[in-house]
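Residue-level structure breakdown
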Amino acid sequence: MSFDLSGWKPSCEQAKHLAGSFRIAGIAFFAAVAGPLTHAIIAGKDTGIVTNLVVLLSLLDWICFELVGYKILGKARC
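Given the structure is predicted, the values throughout are model-derived calculations rather than measurements.

Turning our eyes to something else, we now look at the environment of His39. Topologically, His39 is positioned in helix 1 (residues 12-43). Of the residues examined, His39 reaches a relative accessible area of 59% and is grouped as exposed. A C-alpha to C-alpha distance of 20 Å links His39 and Ile24, two positions 15 residues apart in sequence.

Across all of its chains, the model carries one salt bridge by this definition. Two residues, Glu66 and Arg23, come together in a salt bridge whose shortest N-O distance is 2.8 Å. Note that Glu66 is positioned in helix 2 (residues 49-76) and Arg23 in helix 1, a separation of 43 residues in sequence.

With that out of the way, let us pick up the side chain of Ser58. With respect to the helices, strands and loops of the structure, Ser58 is situated in helix 2. Ser58 sits in the buried class, given a relative accessible area of 3%. Discounting chain neighbours no more than four positions away, the residues touching Ser58 are Phe29, Phe30, Val33 and Ala34.

Attention shifts here to helix 1. The sharpest bend along helix 1 comes to roughly 55°, located at Ala34, with the proline Pro36 sitting one to four residues further on. On its buried face, helix 1 is in contact with helix 2. Looking at the residues trailing helix 1, positive phi occurs at Gly44, about 85°.

About the thresholds
Residues numbered from 1 in each chain as written. Predicted model: local features only at pLDDT ≥ 70, side-chain atom pairs only at ≥ 80, totals over all residues. Heavy atoms only, no water. Helix = DSSP H or I, 4+ residues; strand = E, 2+ residues; numbered from the N terminus. Buried < 20%, exposed > 50% of the residue type's maximum accessible area, 1.4 Å probe, protein only. Salt bridge = Lys/Arg side-chain N within 4 Å of Asp/Glu carboxyl O. Contact = heavy atoms within 4.5 Å. Bend = angle between axes of the 7 residues up to and from the residue.

Here it is in structure tokens:
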């Protein structure tokens, strides 16, 4: 079983739907994992390095989901 998508040519509409789904998944992941921790940091509660690291990694994950969405749009040449 191979998952090689190099020959995949999505239509512009398919690419827009997939890109939007990836962007929503990224923001939902960030909100679910890092949302309460970010509120604790903003509120000035005593947070440790682990909290800051989790927020940073969640932010990087969100950025990766955004980049995947943009790459899909680029593949469709929208």
